[in-house]
Amino acid sequence: MLRQDSQNTPLFGEDDDNASLPKSKIRHPVASFFHLFFRASAILVYLLCDMLSGRFIASMVTIILLLSCDFWTVKNVSGRLLVGLRWWNQVDEDGKSHWVFESRKTADDSSSADSRIFWLGLVVCPLFWVVFVFSTIVSFRIKWLAVVFMGLVLQWANLYGYVRCKVGGKSSLRTMAKNYLNLQIFKQAMEKTERP
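Residues numbered from 1 in each chain as written. Predicted model: local features only at pLDDT ≥ 70, side-chain atom pairs only at ≥ 80, totals over all residues. Heavy atoms only, no water.

Undergrad: Looking at this structure, how should I read the packing of helix α1 (residues 29-52) against helix α3 (residues 112-138)?
TA: Two quantities define a packed helix pair, namely the angle between the helix axes and the distance between the axes. Running from amino to carboxyl end, α1 crosses α3 at an angle of 15°, the nearest separation of the two axes being 10 Å. If you check the angle between α1 and α3, you find them roughly parallel. Classified by chirality, the crossing of α3 by α1 is left-handed. Where α1 approaches α3, its residues Ser 32, His 35, Leu 36, Arg 39, Ala 42, Ile 43, Tyr 46 and Leu 47 are matched on the opposing element by Asp 114, Ile 117, Phe 118, Gly 121, Leu 122, Cys 125, Pro 126, Phe 128, Trp 129, Phe 132 and Thr 136. In terms of residue class, the contact of α1 with α3 is made up of 13 nonpolar, four polar and two charged. (Axes fitted to C-alpha atoms, helices over the stretch in contact; angles between N-to-C directions. Helix = DSSP H or I, 4+ residues; strand = E, 2+ residues; numbered from the N terminus. Parallel < 35°, antiparallel > 145°, perpendicular 65-115°, else oblique. Left-handed = near helix turned anticlockwise from the far one by under 90°. Contact = heavy atoms within 4.5 Å. Nonpolar A, V, L, I, M, F, W, Y, C, P; charged D, E, K, R; others polar.)

Set out below in structure tokens:
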């Protein structure tokens, strides 16, 4: 059962003994390795599956297992350790589902190297799956469409969850984008009125 008070729930690694390490050092090398390993492995297996094995089912199962391991690792381990963020779904007593997006109160605990590794892997790998979706459609490899769509969905779900954690779980991304566009339009309008 998840605790109702998510603000007081301890994150993994909060009471680490590595507080004396410089910010440029990787504080969690194992978490960093597996954060990138499952993502890169799924992409490599997809790219090399026709050369290594002509068996579609074996390749598909391997890729989906790697993607599932990646989703679980990023969501439950590397997000907490590397950047102090986590997200989950909580069902209350009434049966209503609530998404919880949380960030560590003190961001000083994570190193800049850990953060760069986390965000680089989190942003770049889903872009590969977007390219794979389009290339699968264009090359008429329709049987692979389910696999690349699964990769896209799982990796974009983690990206969306962690972006929501980073920008604040209470605010909506749509509201933030709308406010940003309104600010840009206002700035452009002010620049036009200031010109002679």
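Undergrad: Before we go on, may I ask you to explain the packing of α3 against helix α4 (residues 145-167) in this structure?
TA: At a minimum axis separation of 9 Å, α3 and α4 run at an interaxial angle of 150°. The orientation of α3 relative to α4 falls into the category roughly antiparallel. For the pair α3 and α4, the crossing hand works out as left-handed. Partitioning the contact of α3 with α4 into residue classes produces 21 nonpolar, four polar and one charged.

Undergrad: Any chance you could explain the side chain of Asn 158 here in plain terms?
TA: Relative to the helices and strands, Asn 158 resides in helix α4. Of the residues examined, Asn 158 reaches a relative accessible area of 0% and is grouped as buried. A distance of 3.4 Å separates a polar atom in the side chain of Asn 158 from the backbone oxygen of Phe 71. With residues up to four places along the chain from it excluded, the contact list for Asn 158 reads Arg 39, Asp 70, Phe 71, Val 74, Lys 75, Trp 87 and Leu 122. (Buried < 20%, exposed > 50% of the residue type's maximum accessible area, 1.4 Å probe, protein only. Polar contact = N/O pair within 3.5 Å; in protein donor to acceptor, adjacent residues only side chain to side chain.)

Undergrad: For this particular structure, what's the right way to read the packing of aromatic side chains?
TA: The description of an aromatic ring pair uses the distance of the two centres, along with the angle that the planes make with each other. According to the stated counting rule, one finds 15 aromatic pairs in the structure shown. Residues Phe 71 and Trp 87 carry aromatic rings whose centres are separated by 6.3 Å and whose planes lie at 80° to one another, so their mutual orientation is edge-to-face. Linking Phe 71 in helix α2 (residues 56-83) with Trp 87 in strand β1 (residues 85-91), this pair joins segments that are 16 residues apart in sequence. Seen from their ring centres, Trp 87 and Trp 99 are 5.8 Å apart, and the 40° between their planes marks the pair as tilted. Taken as a pair, Trp 87 in strand β1 and Trp 99 in strand β2 (residues 97-103) lie far apart in primary sequence, twelve residues in all. A residue is classified by how much of its surface remains accessible, and Trp 87, at 6% relative accessible area, is buried. Among the aromatic residues, ring-to-ring pairing joins Tyr 46, Phe 56, Phe 128, Trp 129, Phe 132 and Trp 144 into one connected group. Above the face of the Trp 87 ring, Lys 75 is positioned so that its terminal group lies 4.9 Å from the ring centre. (Phe/Tyr/Trp six-rings, centres within 6.5 Å; stacked < 30°, edge-to-face > 60°. Lys NZ or Arg CZ within 6 Å of the ring centre and 35° of its normal.)

Undergrad: For this particular structure, what's the right way to read the pairing of β1?
TA: The side chains of a regular strand alternate, residue by residue, between the two faces of the sheet. Among the seven residues that make up β1, five are buried, leaving the element largely enclosed by the rest of the structure. Here β1 runs beside β2; their pairing, made up of seven bridges, is antiparallel. For Arg 86, the partnering residue across the bridge sits in β2 and is Glu 102. (Pairing = 2+ DSSP bridges.)

Undergrad: Explain the nonpolar core here, please?
TA: Burial of nonpolar side chains together is a common tendency in soluble globular proteins. Of all hydrophobic cores here, the largest spans 18 residues; its most connected members are Tyr 46, Ile 63, Leu 67, Trp 129, Phe 132, Trp 144 and Val 148. With five residues, α1 is the single largest residue contributor to this core. Each residue touching Trp 129, except ones within four places of it in the same chain, is listed here: Ala 42, Ile 43, Tyr 46, Ile 63, Leu 67, Val 147, Val 148, Gly 151, Leu 152 and Gln 155. (Core = buried A, V, L, I, M, F, W, Y, C linked by side-chain atoms within 4.5 Å.)

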